Amino acid sequence: MKKGILSILLLFITNIIFAQVATVSSPDGKLKLDIFLEEGQPKYSVEYDGKTALEKSPLGLLTNEGDFSKNLTFKEQTVEQVEKKYTQDKIKKSDIHYVANKLTSSFEDEKQRGLSIVFQVSNNDIAFRYELPAWGERRAVVIEEEATGFKFPEYTTTFLSNMMGAMGAFARTSPSYESGYTNDEPVGKGTYGNLGYVFPGLFRLGNDNWVLLSETGVSSQYNASHLSDGTKDGLYHIQYPHLNQNNGFGSRGAQIPLPGVTPWRTITVGNTLKPIVETTIAFDVVEPLYQPSQEYKFGRGTWSWIVWQDQSMNWDDQVKYIDFAADMGYEYILIDALWDANIGYEKMEELIDYAHSKNVDVFLWYNSNGAFNDAPQGPRNRMSTSIARKEEMKWLQKIGVKGLKVDFFGGDKQETMRFYEDILSDANDYGLMIIFHGCTLPRGWERMYPNFVGSEAVLASEMLIFSQDVREKEAFYATLHPFIRNTVGTMEFGGVFMNKFLNRGNTRGQERLTTDVFQIATGILFQSPVQMFALTPNNLTDAEGFLMDFMKDIPTTWNETLYIDGYPGKYTVIARRNGDNWYIAGVNAMEEAIELQLDLPMLKGEKVNIYNDNNKKEPTLINHTIKKDGSYKVTIQPNGGFVIKQ
Ligand code: CA
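Keep in mind that this is a model prediction, so the values were computed, not measured. (Residues numbered from 1 in each chain as written. Predicted model: local features only at pLDDT ≥ 70, side-chain atom pairs only at ≥ 80, totals over all residues. Heavy atoms only, no water.)

A. Layout of the overall build of the protein. Secondary structure summary: the protein contains 17 helices and 36 strands in total. Viewed in the frame of its principal axes, the protein has a C-alpha envelope of about 80 × 60 × 45 Å. Across the 646 residues of the protein, 62% fall into the buried class. Across the protein, the fraction of contacts at a sequence separation of at least 24, relative to all contacts at a separation of at least 6, is 71%. About 23900 Å² of surface is accessible on the protein, with carbon and sulfur atoms providing 48% of the total. Mean positive and mean negative side-chain charge positions of the protein (64 and 82 charges, respectively) differ by 2 Å. (Helix = DSSP H or I, 4+ residues; strand = E, 2+ residues; numbered from the N terminus. Buried < 20%, exposed > 50% of the residue type's maximum accessible area, 1.4 Å probe, protein only. Contact = heavy atoms within 4.5 Å. Areas by Shrake-Rupley, 256 points an atom, 1.4 Å probe, with all protein chains shown as cover. Lys, Arg positive; Asp, Glu negative; His and termini not counted. Charge placed at Lys NZ, Arg CZ, Asp CG, Glu CD.)

Structural data, given as structure tokens:
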């Protein structure tokens, strides 16, 4: 009894000093969130398993109606349980059971205008957003900035990708989320030009915790945001798009109706990388925004542009790639840029008929422009207005095209988010799937938009063609994506090369530095429900037959994804299940071969095929029975990989 009084007293004193106003924990009790009010500013902190995940971090919004980051008073809190079961056909996992404790903390400013902050805390994830009621007669507000931040301990190291500057890179098409990564750097290192970092960002808190920050649920109703340059003591803020994006056209912030909400910001926490690889939080807190007009069929495709480039945009080469797709048993060909000028609309109808005669369906490339950059490739001006777009899509539906790859967007402003949504929504009306390139990170879009099937938003396969530096870092980047970019959204990388030289001749020039088995491993490591592979027709005769057979059978959809082993920037091993078949894939970015003792309980006593590199980096294939205890010792060569296929 005395002890009870003492602890109540202690809590009371603590609450006065730190002004704690609310608290909530995950269903398993390990992830704990506390809310404070300090000098009228709401703050929050996060602990996992008794260890810091985020120190006290600021909250609040700056609006055209006033500053909601200070002089607030706490009104009330409610806690309820959220439970949701759903199936999703184009992400890392198919059957998802989401359980969270939801804390709503309500505040008011001096004019009694309300602002609620909602935190949903599941076992390894926090999703939070601001919810605004109508303020008297006020039914619309502009959110200009946010005070929202994430404060890490000073000993934290970061795995981050720079936000690109506006109106730069190829034909003034940036930002397009195509920077590389800095790895294991101290907090607050700072990027060039105070541009900050794109979502998602990965943080390592010494030996305590891993934290992944991202954003989801961004539709036409908001801008997409990113992280600021961190301060030396580890504080990163939510930053809105740079005004210079879209040639300065459109605002940085968001105009929303009241009542209204912001997007969700997500914090994934664990003391290993397992929750980081396996999280589904980007999809748990969003819902489909419309029904699919039909059942969309995902699959594999060939595309000539990646290795044979612009010169291949002609009738004969496209026929070769259609035949190649048919030989591989692939569902699709992607006919990339310049088809309008080089083949022409009339001949395209014939070409598409030819593809159909070979049982191959067609994706067509479009320039998203428009008015916001200089990308010259055609077709142009067909996606950028509602009138042109619907006319074009009507024709596309008539000739049996199944999907579009729309390229070269202008950034993250609400202006551009509306454009993405308009394309997706119209495309669904005409039975078209959509892949975006030269684009932003998809933020929950796999679930929100039924016909969305992939985004680039990564330093992708094209840069392996263009840059020696990227070829040298190919393995390094590949070890990062399953922990960062690809864990929150599909990544249409356009890879898996069998050419030794990444050009049409395949005898000299851009030499590939990774092994053939590394390449097929990325076909499993990188997830997107539609994958355009960088194989070329000559690979049917000049590549290893058992690797091409592997590629003929490779799935692109998954029922389950598990972390097995790895460290971002060094090596990565993950497992994915398609139906009854597990695939374990790994790659190594270090200079030495690495030997790993894998624990594979899903393969106990199972007969498997194992693809690996020998020490001359040549591909090998063995049949093997995994031991009854599920253990398997694997060696991964530098710049090499392996795949275990059930
Ligand atoms: Ca690109």
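B. Spotlight on the sheet that holds strand β29 (residues 560-567). Spatial ordering of the open sheet is given by β29-β30-β31-β36-β33-β34, a layout of six strands whose pairing is antiparallel. Sheet topology places β29 and β34 (619-625) at the edges, where each strand pairs with a single neighbour. Each neighbouring strand pair of the sheet contributes to a mean axis angle of 15°, computed without reference to strand direction. Pairing geometry for strand β33 (residues 607-613) and strand β36 (residues 641-645), over three bridges, is antiparallel. By the bridge assignment, Asn609 is partnered in β36 with Lys645. Along the sheet, helix α17 (residues 545-553) makes contact with β31 (581-588), β33, β34 and β36, crossing β34 at roughly 65°. (Pairing = 2+ DSSP bridges. Axes fitted to C-alpha atoms, helices over the stretch in contact; angles between N-to-C directions.)

C. Local environment of the sheet that holds strand β22 (residues 299-302). Pairing is parallel across the open sheet formed by seven strands, whose spatial order is β27-β26-β25-β24-β23-β22-β28. Edge positions in the sheet fall to β27 (452-455) and β28 (530-533), since each of these pairs with one other strand and no more. Each neighbouring strand pair of the sheet contributes to a mean axis angle of 25°, computed without reference to strand direction. Where strand β24 (residues 361-367) and strand β25 (residues 403-407) come together, five bridges link them in parallel fashion. Paired with Asn367 across the two strands is Asp407, which belongs to β25. In the packing of helix α5 (residues 315-328) onto the sheet, the strands contacted are β22 and β23 (332-335), and the crossing angle to β23 comes to about 160°. Sheet strands touched by helix α9 (residues 414-429): β25, β26 (433-436) and β27. Its angle to β26, the strand with the most contacts, is close to 155°.

D. The domain arrangement of the protein, seen in detail. Structurally, the protein comprises domain 1 (2-284), domain 2 (299-557) and domain 3 (582-645). Between domain 2 and domain 3, the contact holds 20 residues from the first and 19 residues from the second. Counting each side, the surface lost to burial between domain 2 and domain 3 is near 1600 Å², with a carbon and sulfur contribution of 77%. At the boundary of domain 2 and domain 3, one finds one salt bridge. The salt bridge involving Asp553 is made with Lys645; its shortest N-O contact spans 3.5 Å. Where domain 2 meets domain 3, there are three residue pairs in polar contact (both at pLDDT 80 or more). Counting only elements with at least two residues in the side of domain 2 that touches domain 3, the list comes to α13 (474-480), α15 (516-525) and α17. Sorting elements by how many residues they give to the side of domain 2 that touches domain 3 places α15 first, with seven residues. Grouping the amino acids of the side of domain 2 that touches domain 3 by side-chain chemistry returns 14 nonpolar, three polar and three charged. (Domains from an automatic or database assignment. Buried area = accessible area lost by both parts, 1.4 Å probe. Salt bridge = Lys/Arg side-chain N within 4 Å of Asp/Glu carboxyl O. Polar contact = N/O pair within 3.5 Å; in protein donor to acceptor, adjacent residues only side chain to side chain. Nonpolar A, V, L, I, M, F, W, Y, C, P; charged D, E, K, R; others polar.)

E. Highlighting the packing of aromatic side chains. Evaluation of the coordinates by the stated rule reveals 44 aromatic pairs. Ring plane angle 50° and centroid distance 5.6 Å describe the contact between Phe409 and Phe419, whose orientation is recorded as tilted. With Phe409 in the loop between β25 and α9 and Phe419 in helix α9, this residue pair connects regions lying 10 residues apart in the sequence. Grouped by ring-pair contacts, the aromatic residues Tyr290, Phe372, Phe409, Phe419, Tyr420, Phe436, Trp445, Tyr449 and Phe452 constitute a single cluster. Lying over the aromatic face of Trp315, Lys347 brings its terminal NZ or CZ to 4.5 Å of the ring centre. Sitting above the plane of the Tyr567 ring, Lys570 keeps its charged end 4.7 Å from the centroid. (Phe/Tyr/Trp six-rings, centres within 6.5 Å; stacked < 30°, edge-to-face > 60°. Lys NZ or Arg CZ within 6 Å of the ring centre and 35° of its normal.)

F. Just the coordination of the calcium ion, in detail. Bound to the calcium ion are the protein donor atoms Glu178 (OE), Glu456 (OE), Glu456 (OE) and Glu462 (OE), situated 2.3 to 3.1 Å from the metal. For Glu456, a relative accessible area of 2% translates into the label buried. (Donors = N, O, S within 2.8 Å, 3.2 Å for Na, K, Ca; no water.)

G. Structural view of the side chain of Asp407. Tracing the backbone shows Asp407 in strand β25. In this structure the side chain of Asp407 is engaged in a polar contact, spanning 3.1 Å, whose partner is the side chain of Trp365. Not counting residues within four places of it along the chain, the set of residues in contact with Asp407 comprises Trp365, Tyr366, Asn367, Ser368, His437 and Gly438.

H. Looking closely at the pairing of β34. Pairing of β33 with β34 involves seven bridges; the strand directions are antiparallel. Bridged to Tyr611 within β34 is Leu621. Counting the residues that bridge the hairpin from β33 to β34 gives five residues, and of these Lys617 lies at a positive phi of roughly 65°.

I. Quick look at the environment of Lys616. For Lys616, the location among the structural elements is in the loop between β33 and β34. Counting along the chain gives 507 residues from Lys616 to Asp109, while the straight-line C-alpha distance between them is 68 Å.

J. Structural view of the pattern of salt bridges. One pass over the structure, following the stated rule, counts 37 salt bridges. In this structure, the salt-bridge partner of Glu287 is Lys84, at a minimum N-O distance of 2.8 Å. You can see Glu287 sitting in the loop between α3 (281-284) and β22 and its partner Lys84 sitting in strand β7 (residues 73-87), a full 203 residues away along the chain. With a relative accessible area of 42%, Glu287 lands in the partly exposed category. The buried category is assigned to Lys84, whose relative accessible area is 14%. The shortest N-O distance in the salt bridge between Arg504 and Asp317 comes to 2.8 Å. Highlighted residues: Arg504 in the loop between α14 (485-488) and α15 and Asp317 in helix α5, separated in sequence by 187 residues.

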